[in-house]
Structures are given as structure tokens and as C-alpha cells.
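These are the residues of each chain, in order.
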Amino acid sequence: MNRKKLQKLTDAFTRNCKHFNKFEVNCLITLFYNLVGEGVERPGTVIGLDRNAFRNILHVTFGMTDDMIIDRVFRGFDKDNDGYVNVSEWINGLSLFLRGSLEDKMKYCFEVFDLNGDGFISKEEMFHMLKNSLLKQPSEEDPDEGIKDLVEITLKKMDHDHDGKLSFADYEKTVREETLLLEAFGPCLPDPKSQMEFEAQVFKDPNEFNDM
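Residues take numbers from 1 onward in each chain, read along the sequence in its written order. Totals for whole chains, interfaces and linings use all residues, but because this is a predicted model, local features are given only for residues with pLDDT of at least 70 and pairs of side-chain atoms are given and counted only at 80 or more. Here the side-chain values reflect all heavy atoms present in the structure, with hydrogen atoms and water set aside.

(A) Just helix 4 (residues 67-77), in detail. Counting buried positions along helix 4 yields 8 of 11 residues, so the element is predominantly enclosed. Relative accessibility thresholds used throughout: buried, under 20% of the residue-type maximum; exposed, over 50%; partly exposed, between the two (1.4 Å probe, protein chains only). Helix numbers and strand numbers start at the N terminus; a helix is a DSSP run of H or I with at least 4 residues, a strand a run of E with at least 2. Listed in full, the buried residues belonging to helix 4 are I69, I70, D71, R72, V73, F74, G76 and F77. The secondary structure elements touched by the buried residues of helix 4 are strand 1 (49-50), helix 3 (51-62), strand 2 (84-85), helix 5 (87-99), helix 6 (102-113) and helix 7 (123-133). Counted as a polar contact is a pair of N or O atoms within 3.5 Å, where, for protein atoms, one must be capable of donating a hydrogen and the other of accepting one, and residues adjacent in sequence contribute only when both atoms are in side chains. Residue D66 occupies the N-cap position of helix 4, its side-chain oxygen lying 3.0 Å from the main-chain nitrogen of M68. By the convention used here, residues are in contact when the closest approach between their heavy atoms is within 4.5 Å.

This is the structure we're talking about:
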């Protein structure tokens, strides 16, 4: 990408970006095009990270291993649902991912956990996510029973209006009381260590960044 185009993109994104300064936006754009590969921008082709490339970054860089959650994170970044994370979605997504306020992160996590997008986290959704994220313990007992118990305990703790499912209001109230429950149903944000390492490397020299 030529310097003039990079400068133009950087200026445009910096104006709309809450959490990154101009230098950081510039580094993230450079990294994006390094990851995507320059590619020839032909009309009708999408320049972006597809699901596999994005999954690889989440897995290798941020240590995420839960496929169901990774898929939801991809959807959270891919706002226009075209199957690619474009450069604008990349900057905005990382802004929340790395620097978002608690409010931003609560909205984002709730959307990740609301698997069918109906505005609630249902018992079934909790069951799927907890079953997915818990280590399979070899034991005599039926593991599903333990997870069902866990769902009931979780509801008791988080379902403030007692309607058998979690609304955003239920979730928000619980997380404000106990921030550790932000990622109650699976890790969908980077842990502090991988976040610091990512920022240290990318904001030093994005061309040196190696996620593979």
C-alpha cells in the first residue's frame, strides 16, 4: 500500500476511533494489510480476513481455543456479515477488544453469548457454552448433569427478574457487582498478558509481527 493511501486511511480512522491514537491506527492498518496480503484490489473482490485467517489470529495471538466462541467473536467483528473482517471492522473491533470500556465490553460479550441473537441468553445457550468451555473430566457420572447443575447455579446468581433466562439488564447488573463474571460463559476477550504482548509488538513494528 502506498504511503499516501495509508496516510488517508489513517486520518479517516483516527477521527472516528475512540481508543487508538494516529500512530497506533497506522500500525494496525499496516498489520492488517500484511496479514491479508496486498492482494490486487479488483472490483467485486473483498479485501479482508476470512474466518480461518481470523481464527488463526485469535488462536495463536490471543490464545483462544473455543471454536464456538471464536465463531461468535468473528461475527462480532464482521458487522456487515459478508464473511470477511475488512480494515474498518478490524480497527473498530480491536479498539473494543484491547481498550474498550466495561460498558463496551459488556455489550460485546452479551452479543457473543446470545447465540441466536434474540436478546436473551437462554438455558440452552448457557448449557452449550459451558459444555464447550469446561474441560472434559473422565468420570463415571453423566457430565451433562453437572453442566445442568451449573446452569441452575448461574441462573440463581444472574437472573435478577426470575424469568428463567438472562436479559442484558440481568447480565449488566451481575457484571457490575462482580466484574469477573464478564466472561462467565467462555473467554471472548484477550487475557491481559496476550493483550500486552500484542500491543508491545504491533505498536513497535507491525512489519515484524508474526502470528503464525
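Moving on, there is more to tell.
(B) Just the confidence of the model for the protein chain, in detail. Averaged over every residue, the pLDDT of the protein chain is 89; residues scoring 70 or more account for 91%. The weakest mean pLDDT in the protein chain belongs to helix 1 (residues 3-16) at 88; the strongest belongs to helix 9 (residues 168-177) at 97. Every residue is assigned a pLDDT by the predictor, reflecting its confidence on a scale from 0 to 100.

(C) Molecular detail of the domain arrangement of the protein chain. Start and end points for every domain follow an automatic or database-based domain assignment. If you check the domain split of the protein chain, you get domain 1 (3-100 + 191-207) and domain 2 (103-183). Taking only C-alpha atoms, the centre of domain 1 and the centre of domain 2 are 28 Å apart. Counting residues at the interface gives 11 residues for domain 1, matched by 12 residues for domain 2. Accessible area, probed at 1.4 Å, shrinks when two parts are joined; the buried area is that loss added up over both. Counting the surface lost from both domain 1 and domain 2, the interface buries some 1100 Å², and carbon and sulfur atoms represent 58% of this. When the buried area of domain 1 at its contact with domain 2 is split by residue, M68, R72 and L96 rank highest and sum to 52% of it. A carboxyl oxygen of Asp or Glu within 4 Å of a side-chain nitrogen of Lys or Arg is what we treat as a salt bridge. Where domain 1 touches domain 2, the interface holds 1 salt bridge. Measuring nitrogen to oxygen at the nearest pair gives 3.7 Å for the salt bridge that ties D104 to K18. Only helix 4 and helix 5 provide two or more residues apiece to the side of domain 1 that touches domain 2. By residue number, the principal contributor to the side of domain 1 that touches domain 2 is helix 4, which donates 4 residues.

(D) Expanded view of the packing of aromatic side chains. Pairing of aromatic rings covers Phe, Tyr and Trp, the last through its six-membered ring, and needs centres within 6.5 Å; plane angles under 30 degrees mean stacked, over 60 mean edge-to-face, and all others mean tilted. Tallying each qualifying case throughout the model produces 13 aromatic pairs. Ring geometry for F32 and W90: centres 6.1 Å apart, planes at 45°, overall tilted. Linking F32 in helix 2 (residues 22-36) with W90 in helix 5, this pair joins segments that are 58 residues apart in sequence. Classification of W90 as buried rests on a relative accessible area of 1%. An angle of 80° between the planes, with centres 5.4 Å apart, marks the rings of F62 and F97 as edge-to-face. Placement of the pair is F62 in helix 3 and F97 in helix 5, with a sequence separation of 35 residues.

(E) Region of the structure containing the packing of helix 6 against helix 9. Lines fitted to C-alpha atoms define the axes, with helix axes restricted to the stretch in contact, and inter-axis angles between N-to-C directions lie between 0 and 180 degrees. Remark: helix 6 packs on helix 9, axes separated minimally by 11 Å, with the N-to-C direction vectors making an angle of 130°. Here helix 6 is positioned oblique relative to helix 9, judged by the angle of their axes. Handedness of the helix 6/helix 9 crossing: right-handed. Here helix 6 contributes L102, E103, M106, K107, C109, F110 and F113 to the contact with helix 9, which in turn contributes F168, Y171, E172, V175 and R176. Just so you know how the angles are binned, under 35 degrees is roughly parallel, over 145 roughly antiparallel, 65 to 115 roughly perpendicular, and the rest oblique. Here a crossing is taken to be left-handed if its near helix is turned anticlockwise relative to the far helix by less than a right angle, and right-handed if that turn runs clockwise.

(F) The nonpolar core, seen in detail. Buried Ala, Val, Leu, Ile, Met, Phe, Trp, Tyr and Cys residues form a nonpolar core when they are joined through side-chain atoms within 4.5 Å. Core analysis: the largest hydrophobic core is formed by 57 residues, its most contacted members being W90, F97 and F113. Element by element, the count of residues in this core is highest for helix 2, at 7 residues. Counting the residues that make up this core, at least three belong to each of domain 1 (3-100 + 191-207) and domain 2 (103-183). When residues no more than four places from it in sequence are discounted, the contact partners of F113 are I69, I121, E125, M129, Y171, L182, E183, A184, F185, G186 and C188.

(G) Representation of the UniProt feature "domain: EF-hand" (unreviewed entry) in the protein chain in the model. UniProt positions are given in the numbering used here, feature names are shortened, and annotations may be inferred rather than shown by experiment. The sites that carry the UniProt feature "domain: EF-hand" (unreviewed entry) are, in the present numbering, residues 65-100, 101-136 and 146-181. Along residues 146-181 one finds 64% helix and 0% strand; the C-alpha atoms at either end are 19 Å apart.

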